[in-house]
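What follows is the residue order along each chain.
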Amino acid sequence: MAAYLLCLTAGGGIPIFSRSHGDVKPLPFPVIGSLNAVHMFAANHGATLKSTTTSDAKIVWRDFHDSLSLIVITGNDQANDCHLNRLLENVWSAMVMLFGQDELMNIKNLERFKRDIKVCFQLLDHLLEQSVLSTFSDVTQAVDILLTPDNGALQNFLDAFVEAAGSTYGCLTVGGRVAVATHKWWSLSATELVLLGVLIPLLTPCTSRDIPIYLPQGSPTVPHRLLTFQVMRGVEVCVICGPTPSVADLHNEVVRFWRPAVEVLKAAYQVIPRYVPSTLTLDQNILGFLLVNNETSRCLNSVCVHGKDGKEEIVSLPKRREILRSFYKRVVGTYMSSPIEGTETGPAEFSHTATDTYTVCEGHKCYALSSPPHQLFVLYTSAIPTFAMRSITNKTLHAFTKDKSFCI
């Protein structure tokens, strides 16, 4: 699905940058000017233009701190506007994380700002690529995780390493998803967790990094340092700290702390691309699932539940992700709410609280279950009897939550 993202100054409507995803040409300047003009016209007459739709497109406007205006244009997927608003919130927070809030709110030299803001483009482009992403954190506002055979051992190794670094904020990523993290890391806001989870796998592969970052909610004006170290292929340990220690000093500690964990890390890497241990058995009719914990801001998902299940020709893995993403966006904000701002408006129109909903299509079926704090979205084969989806979905949720060693 094609998507455009426009950034303009809030006062004068001067274009700062334009990003797009999909096989589309950049929007011409007159169109950009018209989109900004209609928004400003409404504001000058005491109205706030938030969104509009056409037969095949949707446009959402958002001002931030009377500094920048963001406009997103995408295909009309019939989902609640809250999801595009969440995208714009993430875009703003991503710019704060890499650029700092003071710089965004006090632009002194516009031409220099246009050059410097390019540091954010890789992250912003990734947030726009919703239709092709292999993860779901950008839409669920919960960081993507995976379950390893021995989370407890990995947690102990991580805690010791982070303590040696003189920090309390650290996480271990396996295949680009968080395996374990310290208590302080999990105490970061949902937006911070999601953006860090998206940013780290995007960085150019190397043995170590030292990157200045701001925390959009916790420290939007004072930078911290994000240190990352490659422990082995596909496995990185990340620490947020202050001026000390240096990368060189901590790099020397990586081998000492993580060499004893090699076998545990190899076992953790083996869960990819299933992202759950092989000991956890799921129904054969399940093609994919998306499990969200709205309290802990964690999201577990997989579209390769049974490995090569022989059904890829019927429903390919990218198609499974697309279906789950679309199903989530249509359910949350329409029938079920979540911590994402705006998702409560649709469900509030009902006289009852929806706990289950499903769809039946020619090539697949989907079922959603809300059991606070969890929400489970399951993609099934078309062969499963419709009446059986409810019980299997409940059993699946129980399988994930009954084992207390799985922190979902």
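Refer to the structure presented above.
So, here is what we can say about the structure in this document. Residue positions within a chain follow its written sequence, with the count starting from 1. Predicted model: local features are reported for residues with pLDDT of at least 70 only, side-chain atom pairs are reported and counted for 80 or more only, and whole-chain, interface and lining totals are derived from all residues. Calculation of side-chain values draws on the structure's entire complement of heavy atoms; hydrogens and water are dropped beforehand.

### Brief notes about the packing of aromatic side chains
Argument step 1. The aromatic pairing rule takes the rings of Phe, Tyr and Trp, using the six-membered ring of Trp, and pairs them if the centres are within 6.5 Å, calling planes under 30 degrees apart stacked, those over 60 edge-to-face and the rest tilted. By the definition in use, this model includes twelve aromatic pairs.
Argument step 2. Seen in terms of ring centroids, Phe64 and Trp92 are 5.0 Å apart; in terms of plane orientation they differ by 5°. Their pairing is stacked. In this pair, Phe64 sits in strand β4 (residues 57-64) while Trp92 sits in helix α2 (residues 82-99), placing the two residues 28 residues apart along the sequence. In this structure, Phe64 and Trp92 share a single accessibility class: buried.
Argument step 3. With a centroid separation of 6.1 Å and 0° between ring planes, the pair formed by Tyr358 and Tyr367 is classed as stacked.
Argument step 4. Relative accessibility under 20% of the residue-type maximum defines a buried residue, over 50% an exposed one, and the middle range a partly exposed one, all with a 1.4 Å probe and only protein chains included. A relative accessible area of 5% places Tyr367 in the buried class.
Argument step 5. Each residue in the set Phe157, Phe161, Phe229, Phe257 and Trp258 is aromatic and connected to the rest through ring pairs, giving one cluster.
Argument step 6. Whether a charge sits over a ring comes down to the Lys NZ or Arg CZ being within 6 Å of the ring centre and within 35 degrees of the ring normal. For Arg177, the ring lying beneath its charged end belongs to Tyr275, and the centroid distance is 3.7 Å.
Argument step 7. One Lys or Arg, Arg298, reaches over the ring of Trp186 and ends 3.8 Å from the middle of that ring. Labels follow the DSSP assignment, with helices taken as runs of H or I lasting at least four residues and strands as runs of E lasting at least two, numbered in each case from the N terminus.

### A closer look at the pattern of salt bridges
Argument step 1. Salt bridge, as applied in this entry: a Lys or Arg side-chain nitrogen positioned within 4 Å of an Asp or Glu carboxyl oxygen. Taken as a whole, this structure holds 13 salt bridges when the rule is applied.
Argument step 2. As a salt-bridge pair, Arg209 and Glu236 come within 2.7 Å of each other at their nearest N and O atoms. Note that Arg209 is positioned in strand β9 (residues 208-215) and Glu236 in strand β11 (residues 235-241), a separation of 27 residues in sequence.
Argument step 3. The exposure class assigned to Glu236 is buried, which follows from its relative accessible area of 12%.

### Observations concerning helix α1 (residues 29-44)
Argument step 1. With 16 residues, α1 should cover 22 Å at 1.5 Å per step; its first-to-last C-alpha distance of 22 Å lies within 8% of that length.
Argument step 2. Listed as buried for α1 are Ile32, Leu35, Asn36, His39 and Ala42. Looking straight down α1, one finds that the buried residues subtend no more than 120° of arc, so they occupy a single side. Opposite the buried face of α1, by more than 90 degrees, sit the exposed residues Phe29, Pro30, Phe41 and Asn44.
Argument step 3. The elements touched by buried residues of α1 are β1 (3-9), β2 (15-21), β4 and β5 (68-75).
Argument step 4. A positive phi of about 75° marks Gly46, the residue just after α1. The length a helix should cover is 1.5 Å for every residue beyond the first. The arc under discussion is defined with respect to the helix axis, by the directions toward the C-beta atoms. Residue contacts are defined here by distance: any two heavy atoms, one from each residue, within 4.5 Å place the two residues in contact.

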